[in-house]
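If you want the building blocks of each chain, they are given just below.
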Amino acid sequence: MMNLLAITRLTGNILLIAAVLLLTIMMFWGTAIAPFHVIVIGALALLGGVAQFMVSVMRPRDIKPAWDEQSVASHRGSYQFGYWSALIGFWALFLYSRVSNTEVDSSFLWVGVILMGAPSLWMIIATFLGRAG
Amino acid sequence: MTLLRANLKEHRKRAGLTQAELAEKVEVSRKTINTVENGIFVPSTVLSLKLARCLGVAVEDLFQLPD
């Protein structure tokens, strides 16, 4: 049985990735990415952090198990994954913008989405593989 | 390549503890106990010492380098 802090962290990550997937689907349906979409995803990330903080205050005994050394290692891995995803994503989008009609502004927003989404995706996978929480 | 051979499961069962009970005693998640037992996660020195102390054995009884 996962503790409440770990559950809160997982829920926040799932909601954020769901928003990213929704945005991706909207893009394929012809909706252009806009700053508003990125703000919504950023707000979800921030709310997830606030929720974790509140749960930590209410249930301090959940903190150590939820952030034990294996979870911390997975969390560190998520940042590394996020860095490389954003770096590869930037170059892919930059080069794509050079050979297509895609605006650089849109590419910039998508890099932001990748920066926020990649670590969350890593943590979700790590959690279900038993490597976090 | 296995970095560590773990006998944690045997000693845990000998002590009559579940993974969750042992996890609570050393303040980690049950999943961490599981991955340590299965040789997936290599614990830190501190966690290894905590586990050994909790189970009343030496660290070398719990973990060995593979041959």
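Residues numbered from 1 in each chain as written. Chains lettered and ligands numbered in written order. Predicted model: local features only at pLDDT ≥ 70, side-chain atom pairs only at ≥ 80, totals over all residues. Heavy atoms only, no water.

Going by what an unreviewed UniProt entry lists, chain B is known as Putative transcriptional regulator and is assigned to Sulfitobacter marinus.

Q: Which residues make up the environment of I63 of chain A, and what values do they have?
A: All names here are of chain A. Along the chain, the position of I63 falls in helix α3 (residues 63-66). For the pair I63 and N3, spaced 60 residues apart in sequence, the C-alpha to C-alpha distance is 8.9 Å. Discounting chain neighbours no more than four positions away, the residues touching I63 are L5 and S56. (Helix = DSSP H or I, 4+ residues; strand = E, 2+ residues; numbered from the N terminus. Contact = heavy atoms within 4.5 Å.)

Q: Talk me through the side chain of S56 of chain A; I want residue IDs and the actual numbers.
A: All names here are of chain A. If you trace the backbone, S56 turns up in helix α2 (residues 35-58). Given the relative accessible area of 18%, S56 is considered buried. In terms of polar contacts, S56 uses its side chain to reach the backbone carbonyl oxygen of Q52, at 2.8 Å. Other than its neighbours up to four places away in sequence, S56 contacts L5 and I63. (Buried < 20%, exposed > 50% of the residue type's maximum accessible area, 1.4 Å probe, protein only. Polar contact = N/O pair within 3.5 Å; in protein donor to acceptor, adjacent residues only side chain to side chain.)

Q: Can you break down the packing of aromatic side chains residue by residue, with the values?
A: All names here are of chain A. In this structure the tally under the stated criterion is 5 aromatic pairs over all chains. Ring centres of F90 and W91 lie 5.2 Å apart, and the angle between their planes is 70 degrees; on these two criteria the pair is classed as edge-to-face. For F90, a relative accessible area of 38% corresponds to the partly exposed category. An angle of 90 degrees between the planes, with centres 5.7 Å apart, marks the rings of W91 and F94 as edge-to-face. Highlighted residues: W91 and F94, both in helix α4 (residues 69-99), separated by 3 residues, approximately one helical turn. The class of W91 is partly exposed, set by a relative accessible area of 45%. Residue class for F94 comes out partly exposed when judged on its relative accessible area of 33%. An aromatic cluster is defined as three or more aromatic residues linked by ring pairs; in this entry it consists of F90, W91 and F94. (Phe/Tyr/Trp six-rings, centres within 6.5 Å; stacked < 30°, edge-to-face > 60°.)

Q: So what about the UniProt feature "transmembrane region" (unreviewed entry) in chain A? Which residues, and what values?
A: Residues and elements named next belong to chain A. Under the UniProt annotation, the feature "transmembrane region" (unreviewed entry) is placed at residues 12-30, 36-57, 78-96 and 108-129. Between the end C-alpha atoms of residues 12-30 there is a gap of 27 Å, over a span that is 89% helix and 0% strand. Between the end C-alpha atoms of residues 36-57 there is a gap of 31 Å, over a span that is 100% helix and 0% strand. (UniProt positions renumbered as here; feature names shortened; annotations may be inferred.)

Q: How would you sum up the interface of chain B and chain A? Please name residues and give values.
A: Taken together, the 12 residues of chain B in the interface contact 13 residues of chain A. Each partner contributes to the roughly 1,100 Å² buried at the junction of chain B and chain A, and carbon and sulfur atoms together form 48% of this total. When the buried surface of chain B facing chain A is broken down by residue, E27, K31 and F41 of chain B rank first, second and third, together holding 51% of it. Inspection of the region where chain B meets chain A yields 2 salt bridges. Residue E24 of chain B pairs with R61 of chain A through a salt bridge whose shortest N-O separation is 3.0 Å. Across the chain B-chain A interface, the total number found is 9 residue pairs in polar contact (both at pLDDT 80 or more). (Buried area = accessible area lost by both parts, 1.4 Å probe. Salt bridge = Lys/Arg side-chain N within 4 Å of Asp/Glu carboxyl O.)

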